Amino acid sequence: METKTELKKKKFEMPHVYVILGTLLVIVTILTYIIPAGTYDFIEVNGKNVIDVNTFHYIDQTPVSPWGMIMAIPQACVNSAMLIMCSFIISGAINIINKTEALDATIGRFAHAVRNKAALAVPMVMLPFVVLGMVGITEPANVAFIPLGMMIGFALGGDAIVGTAIVLFGLSAGFTMAPFGTSTTANAQTIAGIPIYSGWELRTVAVIIFWVVNAVLITRYLKRLQKDPNQSCCIDDPHVYKSYGKVEGVELTSRRAIVAAIFAIMFGIIIWSVVKGICSIQLVASVFLVGSLVSGVIYGFSPNTISELLAEGFAQIAFGALMIGFAASISVVMTNGNIIHTCVHAAAAVVGSLPPAFTAIGMNILNIFVNFFIISGSGQAFVVMPIMSPLAQVVGVTQQTAILSYQLGDGLTNFLYPQSGVLMAALSVSRVSWSDWVKFAGKFIAIQTVIGWALIVVATLTGYGAALG
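What comes next concerns the included structure. (Residues numbered from 1 in each chain as written. Predicted model: local features only at pLDDT ≥ 70, side-chain atom pairs only at ≥ 80, totals over all residues. Heavy atoms only, no water.)

**Observations regarding the environment of I43**
Mapped onto the fold, I43 is located in strand β2 (residues 42-45). With relative accessibility at 35%, the residue I43 sits in the partly exposed group. (Helix = DSSP H or I, 4+ residues; strand = E, 2+ residues; numbered from the N terminus. Buried < 20%, exposed > 50% of the residue type's maximum accessible area, 1.4 Å probe, protein only.)

What follows is the structure in structure tokens.
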């Protein structure tokens, strides 16, 4: 008879994320030999280069060779160089600030004091990230705020996943509908030919629903950990941070107070850049670098110590940062093999054949599918919306509902797919493995997807935005 130890050994173990990505890379490379190569022509619509839905045509097969597959990895790293390098810089900067314990003595102690009021603390901490997501800010914000979210998560009695989720699912709640987002909402509405940011009322209601649902799910997980830390999804991972120490015992000295003030100024500058519309991952990294160097000097670290702490921060994020480029290689192979447009064209044909009542949900499923290959929100808009916009007119779905289906397909899976740079950059900072994140976040995405379908049905039945087309 098998012992408990033997049964435990036979338990399914999630493959390493590099194994998953490598497998996907091999599969899409093989598909470049099987799926016919095809492309759309591009035209300019309202100043944007988008595909002409009536111009799809097959071209000579352009399969990617095994060596071409390997070459796609460094090419993808180069394409993602800005995000990778800025992730290194932010990680090194955060390591300097963390070593001063200034945040433990301020934000950490406050969060620890309200740990028994998690049902109130979690949604309130999430709110700023929800607002950032509503205006379409995700990539710069997720890397910058993950360390802060982790500190708060630990102080509340949670694990690294709690802090990561507070930030990511706060951003997700706002970005999925992005009532005032430029890369998704504004681009999609421009292509569809309707006023930018029109229909923001329903999108805002949807944001509130997602915010509340995510806060409830995170709070339930947090309370479970407060009772039994062994319930953590990352309890067996030796690489993930377990805690930042006992924040309640850290003294708030004058130097730590100054460093905390510098930290607040840093985030003030980032928020200002968001309001001005000039925020970028490069700006965020630069602010963190300058702020951390000044903090290190004020705290009394020597130049050598500051350099060592920077290097230590670089080393901590190396695994995750390089994974960003590795994940992007999947898209490079599909682009080089000219099969992305073929896949989109075939999927659109299937959606168009569905009964009218299911067409809008079918559009959403199409976008979930396309987002696996085109992880960029704006890039996906330029490829998918020129197809979905006329398709909506044919089947009697409003333009606003079609855009809603596109947004839900793009926004939610950005926080689940392993080739998502937004997700991998965040996980590289928190050191949470993708497999542990999926165990935790999978149900979040599933629940939000079902809620999204309900919103799509409501939008269809009420003729959401019918006056605009």
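**Section: the packing of helix α17 (residues 399-411) against helix α19 (residues 434-462)**
With their axes 10 Å apart at the nearest point, α17 and α19 run at an angle of 175 degrees to one another. Relative to α19, α17 is oriented roughly antiparallel. Seen from α17, the contacting residues are T401, L404, S405 and L408; seen from α19, they are G452, L455, I456, A459 and T460. Of the residues belonging to the contact of α17 with α19, the class tally is five nonpolar, four polar and no charged. (Axes fitted to C-alpha atoms, helices over the stretch in contact; angles between N-to-C directions. Parallel < 35°, antiparallel > 145°, perpendicular 65-115°, else oblique. Contact = heavy atoms within 4.5 Å. Nonpolar A, V, L, I, M, F, W, Y, C, P; charged D, E, K, R; others polar.)

**Structural notes on the nonpolar core**
In terms of nonpolar packing, the biggest core is built from 153 residues, with F169, I218, F288, W437 and F440 touching the most fellow members. When sequence neighbours within four positions are dropped, the list of residues in contact with F288 reads I90, A93, I94, A144, M266, F267 and I270. Grouped together as the second largest cluster of nonpolar side chains are five residues, I96, I306, L309 and L310 included. (Core = buried A, V, L, I, M, F, W, Y, C linked by side-chain atoms within 4.5 Å.)

**Let's talk about the environment of Y58**
Of note, Y58 is situated in strand β4 (residues 57-58). Sequence separation between Y58 and Y40 is 18 residues, and the spatial gap between their C-alpha atoms is 8.9 Å. Not counting residues within four places of it along the chain, the set of residues in contact with Y58 comprises P36, A37, G38 and T342.

**Points about the packing of aromatic side chains**
For the coordinates displayed, the defined rule picks out 13 aromatic pairs. Taking the centre distance of 5.8 Å and the plane angle of 50 degrees together, the rings of W437 and F440 count as tilted. Placement of the pair is W437 and F440 together in helix α19, with a separation of three residues, close to one helical turn. Residue W437 is classed as buried on the basis of its relative accessible area of 0%. Owing to a relative accessible area of 0%, F440 belongs among the buried residues under this scheme. Linked through ring pairs, F169, Y221, W437, F440 and F444 together constitute an aromatic cluster. (Phe/Tyr/Trp six-rings, centres within 6.5 Å; stacked < 30°, edge-to-face > 60°.)

**Here's the deal with helix α9 (residues 182-192)**
Burial runs high along α9: nine of the 11 residues are buried. Looking at α9, one finds that the buried residues are T184, T185, A186, N187, A188, Q189, T190, I191 and A192.

**Looking at the pattern of salt bridges**
Under the definition given, this model contains three salt bridges. Taking the shortest distance from any N to any O, the salt bridge between E101 and R256 comes out at 2.9 Å. Placement of the pair is E101 in the loop between α4 (81-100) and α5 (102-113) and R256 in helix α11 (residues 254-276), with a sequence separation of 155 residues. Residue classification places E101 among the partly exposed positions, given a relative accessible area of 31%. Between D436 and K439 there is a salt bridge whose closest N-O contact spans 3.3 Å. Pair noted here: D436 and K439 are both in helix α19, with a separation of three residues, about one helical turn. Here K439 falls in the exposed class, since its relative accessible area comes to 51%. (Salt bridge = Lys/Arg side-chain N within 4 Å of Asp/Glu carboxyl O.)

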